[in-house]
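A closer look at the structure
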Amino acid sequence: MKGLLEIYNTLLNAYGQRHWWPAKTPFEMMLGAILTQNTTWMNVEKAIRNFGELLSPEFISSISNDELAQLIRPSGYYNQKAIKLKAFTQWFERYSYDVEKAIQMNGQFLRTELLAVKGVGCETADSILLYALNKPFFVVDTYTKRILYRLGYDLPNTYDGLRLKIEESIPSDIYLYGEFHALFVEHGKRHCKKTPSCQACPVDAVCKKRIFV
DNA sequence: CTCCAGTCCC
DNA sequence: GGGACGGGAG
C-alpha cells in the first residue's frame, strides 16, 4: 500500500500524538479492549469506573457473572461481555496474572491463544498484543477499513489479509502501530464517519471518496 | 433515533 | 452471511 506512511504523517500532523492506549494498568487495558467492542469509549470508562479500586483479575474471577454484568452495564452487551471478561481472565491465569510473563512468549503463539478465548476476535486480540503485550500486530478496525477504502486503496477481504498488507507497507514498530491505529480512530471519529464530514479533512487532497459541499 | 475501539452462533 | 447482544450520548 504505497503512501501509507505519508498518510500517517499527515494525520499525525493534523491530530498530534495520541499516546494510546489510555489505561492505568495493562490489565485495565486488556479489559477495556473487550469492553469497547462495538461501544463508545465513554461508556467503557463508566464501566471501568464502577470497579473503583477493585479492578484486578482476582476480583473478576471471584465474583459471579451476574455481579460482573451489573458492574459493566454501561458498556452495553453486559451479559455477553461478563462471560468474555471471565474467559479472558481465565486465560490470564495461565501467566499467574503477570503481564511480564506473557510478554516473554512468542507473539504468534500468544495470538493463537487469545483467539481461542471466547469473546476475543482478531481486533481485540491484536489490540491486546500491541498495547499490553508489546507485540507488533497492526490493529484493523471499522475505521481502518473505511478510511483506507475511501482513500482509494484496494482492500483484501479478510481481516488478516488487510492486517498483513498494512504490516508489510510500514516498518514493524509497536510505537508506530499504536499511534497509527489511534490516528485512524481519531480521524474516523472526526471526519471519516459512516456519513463522512469532509470539510477541513486533513487527507481530502488524496481521498477518492471526498464529498464536496 | 442513530451510532458506537466486534464477536459469536446458527 | 444474517441476527443477537444493549446502554448511553449527541
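As a starting point, this report considers the structure included with it. Just so you know, these numbers come straight off a predicted model, no measurement behind them. (Residues numbered from 1 in each chain as written. Chains lettered and ligands numbered in written order. Predicted model: local features only at pLDDT ≥ 70, side-chain atom pairs only at ≥ 80, totals over all residues. Heavy atoms only, no water.)

1. Considering the pattern of salt bridges
Close approach of charged atoms allows side chains of opposite charge to pair. Rule in force here: When a carboxyl oxygen of Asp or Glu lies within 4 Å of a side-chain nitrogen of Lys or Arg, that pair is called a salt bridge. Only DSSP runs of H or I covering at least 4 residues are called helices, and only runs of E covering at least 2 are called strands; the numbering of each starts at the N terminus. Think of it in three bands: residues with accessible area under 20% of the maximum for their type are buried, residues over 50% are exposed, and the middle band is partly exposed, with areas taken using a 1.4 Å probe on protein chains only.
Across all of its chains, the model carries 10 salt bridges by this definition. One salt bridge in this structure joins Glu113 and Arg94, with 2.9 Å as the shortest N-O distance. One end of the pair, Glu113, is in helix α8 (residues 107-115); the other, Arg94, is in the loop between α6 (78-93) and α7 (99-103), and 19 residues separate them in sequence. Take Glu113: its relative accessible area is 13%, and that puts it in the buried class. The partner of Asp126 in a salt bridge is Arg111, and the shortest N-O contact between them spans 2.7 Å. Of this pair, Asp126 sits in helix α9 (residues 122-131) while Arg111 sits in helix α8; the two residues are 15 residues apart in sequence, bridging distant segments of the chain. For the pair formed by Asp126 and Arg111, the shared burial category is buried. Ionic contacts of the salt-bridge type, sharing partners, join the residues Arg111, Asp126, Asp160, Arg163 and Glu167 into one network.

2. Structural notes on the protein's contact with DNA strand B
Put simply, the rule reads: Throughout, the term near means that a residue has one or more heavy atoms lying within 4 Å of the molecule or strand in question. Under this definition, polar contacts are N or O atom pairs within 3.5 Å; protein pairs additionally need one hydrogen-donor-capable and one acceptor-capable atom, and for neighbouring residues in sequence, both atoms have to be side-chain atoms.
Lining the immediate surroundings of DNA strand B are 26 residues, of which Trp21, Lys118, Gly119, Thr124 and Tyr143 lie closest. In DNA strand B, the atoms that sit within 4 Å of the protein are 69% sugar and phosphate, with bases accounting for the remainder. Between a phosphate oxygen of DNA strand B and a side-chain N or O atom of Thr142, the distance comes to 3.5 Å. A distance of 3.4 Å is found between a phosphate oxygen of DNA strand B and a side-chain nitrogen or oxygen belonging to Arg146.

3. Notes on the environment of Lys81
Put simply, the rule reads: Whether two residues are in contact is decided by their heavy atoms, any of which lying within 4.5 Å being enough.
Note on placement: Lys81 falls in helix α6. When its relative accessible area of 1% is taken as the criterion, Lys81 is described as buried. A sequence separation of 50 residues divides Lys81 from Leu31, and the C-alpha atoms of the two residues are 9.7 Å apart. Residue contacts for Lys81: discarding those within four places in its chain leaves Ile34, Leu35, Thr36, Gln37, Thr39, Ile72, Ser75 and Gly76.

4. With respect to the packing of aromatic side chains
Here the distance between the centres and the angle between the planes together describe a pair of aromatic rings. We count it as follows: Pairing of aromatic rings covers Phe, Tyr and Trp, the last counted by its six-membered ring, and requires centre-to-centre distances within 6.5 Å; plane angles under 30 degrees mean stacked, over 60 mean edge-to-face, and any other angle means tilted.
Within this structure, the stated rule accounts for 16 aromatic pairs. Between Trp20 and Tyr131, the aromatic rings sit 6.1 Å apart at their centres with planes inclined by 70°, giving edge-to-face as the arrangement. Here Trp20, found in the loop between α1 (4-15) and α2 (26-35), pairs with Tyr131, found in helix α9; they are 111 residues apart in sequence, far enough to count as distant. We classify Tyr131 as buried; its relative accessible area is 14%. Here the aromatic rings of Phe180 and Phe184 are separated by 4.6 Å at their centres, their planes lie at 20°, and the arrangement is stacked. Taken together, the residues Phe180 and Phe184, both in helix α12 (residues 174-190) and 4 residues apart, mark about one turn of the helix. For the pair formed by Phe180 and Phe184, the shared burial category is buried. Every member of this aromatic cluster is reached through a ring pair, and the members are Phe27, Phe88, Trp91, Phe92, Tyr95 and Tyr97.

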